[in-house]
Amino acid sequence: MGWASDNHKGLLARLLRNEAGNTIAIIAAALIPLAGMVGGAVDISRGYLAQTRLQQACDAGVLAGRKAMGSSGVLSDSVTGEVTKFVRFNFPSTYLGTPPNITVAPTLGANDTIQLTLASSVPTAVMGLFGKANMAITASCTARNDYSNIDIVLVLDVTGSMGCKPEWSEQTCQNNAKYVTTNIPGMGKSMRYVEEVVENSINVSRIQALRTALASLQTQMATIETQFNMTEEGKRKRVRWAIVPFAQMVNAGFSTGSAGTTLWSRQPSWFNTTGTYYNDRTPGTSVGHSNTWMTSTWDGCVEERRTSNTITKTSGHSIPDNLPSTADDLKFDTSPTSTQTRWTVADPASSGSAGSTGYACPKPMRELAPMTATDFNNYFAFDNGFIANGGTYLDTGLLWAARLLSRTGLWRDDNPTLYHTFPISRYVIFMTDGQMQTGTSTYSTSYSSHGPERYALRVTTNGTTSQNNSNRTARMLMTCTAIKNMDVKIYSISFSSGSTLSSDLINCSSSTNTINPEFAYKADNSAQLNKVFRDIGENIGSLRLSQ
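Parameters at a glance
- Residues numbered from 1 in each chain as written.
- Predicted model: local features only at pLDDT ≥ 70, side-chain atom pairs only at ≥ 80, totals over all residues.
- Heavy atoms only, no water.
- Helix = DSSP H or I, 4+ residues; strand = E, 2+ residues; numbered from the N terminus.
- Buried < 20%, exposed > 50% of the residue type's maximum accessible area, 1.4 Å probe, protein only.
- Contact = heavy atoms within 4.5 Å.
- Areas by Shrake-Rupley, 256 points an atom, 1.4 Å probe, with all protein chains shown as cover.
- Disulfide = S-S within 2.5 Å.
- Pairing = 2+ DSSP bridges.
- Phe/Tyr/Trp six-rings, centres within 6.5 Å; stacked < 30°, edge-to-face > 60°.
- Core = buried A, V, L, I, M, F, W, Y, C linked by side-chain atoms within 4.5 Å.
- Axes fitted to C-alpha atoms, helices over the stretch in contact; angles between N-to-C directions.
- Parallel < 35°, antiparallel > 145°, perpendicular 65-115°, else oblique.
- Left-handed = near helix turned anticlockwise from the far one by under 90°.
- Nonpolar A, V, L, I, M, F, W, Y, C, P; charged D, E, K, R; others polar.

Colleague: How do you make sense of the overall build of the chain when you look at a structure like this?
Modeller: Secondary structure summary: the chain contains 14 helices and 23 strands in total. Within the chain, buried positions represent 48% of all 547 residues. Restricting to contacts in the chain with at least 6 residues of sequence separation, those with at least 24 account for 72%. When the accessible surface of the chain is split by element, carbon and sulfur atoms take 53% of a total near 24,700 Å².

So this is what it looks like as C-alpha cells:
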C-alpha cells in the first residue's frame, strides 16, 4: 500500500514537470493568427494582381481612345466605345471574382487628353473570416496626343558610295563603283554619278534602300496629316519637310521654297557672281560670270562664305558666341551683305584639275514646306536627279540644316514658335553611309564648299586629308550642338554593313545615353534601314501616357 502511494505521487510529479504536451496547446492557439497571416498574404497577392491588371486595362483603354479621337478633340460615343472595348478586353468581366462589367466613363481633359478612373473590388478568400470580405482596387490614367506641328529636315548623304550595295565594305564599294555620265531628264542636263547596283533586275543599291525607307516615313507622317485635317482649317496642325542632299557641296542656289521658286531668283544679292578660284597654291584667279553663264552653265552649288582654318578639335571654339571673327560660314544668322558674307557661285572650270576630277553638285535642296506624297517621292527619283556622287563632308549638310532651322537667321520667317496656336516640334534626320571622308590620298583633292581643298586652305593649314577630316569633324559637332540648342532633336543613322555608329554620330544626335543611344541608329541592310525610319516615325508621332 505504501509502495503504491509513493509510485502514484511520482507519476503526478513527473507529469507536472513534463512540458512536452504544452506544444499542442501552443500550436492550437497559434493556428488562428497564422492562418490569418498566410491567408492575408494570399489575398493581398490576388489584390495586387487585380490592381496591376486594372491599371493595364486603364492605360490600354485611354491610349486606344486617344488614337481613335485623332485631332478632332471630341470625346464621341465611338471614342468612348473604343475605350470601353479595350478596358473590357484587358480586364475581363469577373476577373478574380470582381463584379461584372465595371463602369467605364472616360472624360475629356485639358489639351485634348482622355482621362479615366476605374474602380472595382476583389473578394477575399481568407480575410473574410476576420470581417474583410472585399479589397477595393482603383486605377487612374490619362493619355495625351503628343502630335504637335511637325517640321522634319532630312540631311541625306548622296555620296558616290550610296550607289553600292548596303552589304559591301568600303573597299569593295571602291573597287566596284562604276562612274557613268548620262543625261538626267529631271535635271535637263548630263550628270556624272555612280551607277546604282542592280542584281537580277532589282535595284539593290543603298540609295534605293533610302528611297524605300523615306517613302515609309512619309506614309507614317501622312497618317498624322490625315488626323490633322479632321480639324477645321484655321485650327489645323501641319507637317513640313526640308531636304538637304549633301556630298562635298550643297546645292543652295537652286533650292526651292514654299512658292516653288529658287533661292537665286528670290535672293540674288546673297550670291557673289565674281569669285576667286584656285587651281594651285598661288593667289587665286578672279573670275566674273555673266548672266548668260549664270542661267546656262551654273548648276546651283556654292562655295562657302569667309571662314577660318584655326577651328580644330582642340581649339575650343563653339557656335555662336566663341568663333573666330572671320568664321562667317558658321555664323548662321549673319546676313549676306558683303563679299565675305555672301556665297560664291561654284565654278569647277575655273578650278583646274580639282574642279574637273573632284567635283560633285547634288540635287537642289528644298526649304521647309508641306509636301504631298507624290511630290515627296518624286523628289527622290533617279530621273529627277537624286543620284550618288561625291565625297562625304558631313559638316556641309548639317550647316545648311542649321541655317534653315534658325529662328533668328535668314529663314526666321519659316520658323515661328507656334502655328495655329500649337507648338512646333522640330527634327533633323541625319543619314550617312560612312565617316567623314574628304579624300582617299594624302591630300584632299575635292573641290568642296570651301574651294579646292589642297589649294584654297580655308579649312586646313596644309590641305591634307587627315587634317581636313579632323577639322571638319570638329565643325560638324559644333553645328550639331548649335542645332540641338535651337530646341531641335537630331536622329543620326549610320547605314551599310561597312559603316560604324561612331561616337561622333552618337554625340551629334540627341542621345543622352552613349552606351544605348536613343537617337542614334545602325542599319546594315535595306530591311534594317526601313525599320530605323519606321521607328523614328513612331517616335516623332506618338501617343503618350501622361501618368
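That was the structure; now back to the text.
Colleague: What is the right way to read the state of the cysteines from this model?
Modeller: A covalent bond bridging the sulfur atoms of two cysteines is what the word disulfide describes. A complete count under the given rule lists 4 disulfides for this structure. One disulfide in the model links Cys 58 with Cys 141; its S-S distance is 1.9 Å. The sign of the -85 degrees torsion about the S-S bond sets the Cys 58-Cys 141 disulfide as left-handed. Taken together, the residues span a long stretch of sequence, with Cys 58 in helix α2 (residues 22-69) and Cys 141 in strand β3 (residues 134-145) at a distance of 83 residues. Both residues of the pair, Cys 58 and Cys 141, count as buried. Here Cys 301 connects covalently by a disulfide to Cys 361, the sulfurs 2.1 Å from one another. With the S-S bond torsion at 100 degrees, the cross-link from Cys 301 to Cys 361 turns out right-handed. One end of the pair, Cys 301, is in the loop between α7 (291-296) and β14 (302-303); the other, Cys 361, is in the loop between α8 (352-357) and β16 (364-369), with 60 residues separating them in the sequence. Each bonded cysteine of the chain gets a number by its place in the sequence, and the pairs then read 1-2, 3-4, 5-6, 7-8.

Colleague: Please explain the pairing of strand β4 (residues 149-157) as it appears in this structure.
Modeller: Consecutive side chains of a regular strand alternate in pointing toward one face of the sheet and then the other. A large share of β4 lies buried, amounting to 9 of its 9 residues. Every second residue of β4 is oriented toward a common face, with Asn 149, Asp 151, Val 153, Val 155 and Asp 157 on one face and Ile 150, Ile 152, Leu 154 and Leu 156 on the other, all of them buried. With 8 bridges joining them, β4 and strand β18 (residues 422-432) adopt parallel strand pairing. Bridged to Val 155 within β18 is Phe 430. Pairing of β4 with strand β9 (residues 239-246), which is carried by 8 bridges, proceeds in the parallel orientation. What sits directly across from Asp 157, in β9, is Phe 246.

Colleague: How should I be thinking about the pairing of strand β2 (residues 114-123) in this particular structure?
Modeller: In the sheet, strand β1 (residues 107-108) pairs with β2 via 2 bridges, with the strands oriented antiparallel. By the bridge assignment for β2, Leu 108 is matched with Ile 114. Following β1, the chain reverses through 5 residues before pairing antiparallel with β2; Asn 111 in that reversal takes a positive phi of roughly 60 degrees.

Colleague: Mind showing me how you'd approach the environment of Pro 99 here?
Modeller: Along the chain, Pro 99 turns up in the loop between α3 (77-90) and β1. A residue is classified by how much of its surface remains accessible, and Pro 99, at 39% relative accessible area, is partly exposed. With 24 residues separating them along the chain, Pro 99 and Pro 123 place their C-alpha atoms 9.1 Å apart. In this structure Pro 99 touches Thr 94, Ser 120 and Ser 121, once residues within four positions along its chain are discounted.

Colleague: I tried to follow the packing of aromatic side chains on my own but got confused; where do I start?
Modeller: Evaluation of the coordinates by the stated rule reveals 20 aromatic pairs. With 5.6 Å between their ring centres and 80 degrees between their planes, Trp 270 and Trp 411 make a pair best called edge-to-face. Residue Trp 270 is located in the loop between α6 (263-266) and β11 (271-272), and its partner Trp 411 is located in the loop between α10 (394-405) and β17 (418-419); the two are separated by 141 residues in the primary sequence. A single burial state applies to Trp 270 and to Trp 411, both of which are buried. Ring centres of Tyr 491 and Phe 519 lie 4.9 Å apart, and the angle between their planes is 40 degrees; on these two criteria the pair is classed as tilted. Of this pair, Tyr 491 sits in strand β21 (residues 489-495) while Phe 519 sits in the loop between α13 (503-508) and β22 (520-523), placing them 28 residues apart in sequence. The exposure class of Phe 519 is buried, given its relative accessible area of 14%.

Colleague: Looking at this structure, how should I read unusual backbone geometry?
Modeller: For residues that are not glycine, phi is negative in most cases, and the peptide bond is trans in most cases. The omega torsion across Ile 319 and Pro 320 is 10 degrees, close enough to zero to call that bond cis. With respect to the helices and strands, the residue Pro 320 is situated in the loop between β14 and β15 (343-345). The phi angle at Thr 94 is positive, at roughly 65 degrees, despite the residue not being glycine. At Asn 101, a residue that is not glycine, the phi angle is positive and equals roughly 50 degrees. Note that Asn 101 resides in the loop between α3 and β1.

Colleague: Looking at this model, I keep getting lost on the nonpolar core. Mind explaining?
Modeller: Side chains of nonpolar character tend, in soluble globular proteins, to be buried together. Grouped together as the largest cluster of nonpolar side chains are 54 residues, with contacts concentrated most on Val 153, Leu 398, Trp 400, Leu 405, Val 428, Phe 430 and Ile 483. Top element by residues in this core is α10. It accounts for 8 residues. Once residues within four sequence positions are removed from consideration, Val 428 is found in contact with Val 153, Val 155, Leu 398, Leu 405, Ile 483, Val 488, Lys 489, Ile 490 and Tyr 491. Counting 38 residues, the second largest nonpolar core, distinct from the first, contains Met 162, Ala 213, Ile 429 and Phe 495.

Colleague: Looking at this structure, I do not really get the packing of α10 against helix α12 (residues 465-484). What am I missing?
Modeller: Axes are the key here: two packed helices are described by the angle between their axes and the distance separating the axes. Taken N-terminus to C-terminus, the directions of α10 and α12 make an angle of 25 degrees; their axes are 9 Å apart at the nearest point. By the angle between their axes, α10 is roughly parallel relative to α12. Crossing angle aside, the handedness with which α10 passes α12 is left-handed. Where α10 approaches α12, its residues Leu 394, Asp 395, Thr 396, Leu 398, Leu 399, Ala 401, Ala 402 and Leu 405 are matched on the opposing element by Arg 472, Arg 475, Met 476, Thr 479, Cys 480 and Ile 483. Split by residue class, the contact of α10 with α12 holds 9 nonpolar, 2 polar and 3 charged.

Colleague: When you look at the environment of Cys 361 in this model, what are you seeing that I'm missing?
Modeller: Cys 361 gets classed as buried once you look at its relative accessible area, which sits at 14%. Measuring from C-alpha to C-alpha, the distance between Cys 361 and Met 191 comes to 9.2 Å, with 170 residues separating the pair along the chain. In this structure Cys 361 touches Met 191, Asn 251, Asp 299 and Cys 301, once residues within four positions along its chain are discounted.

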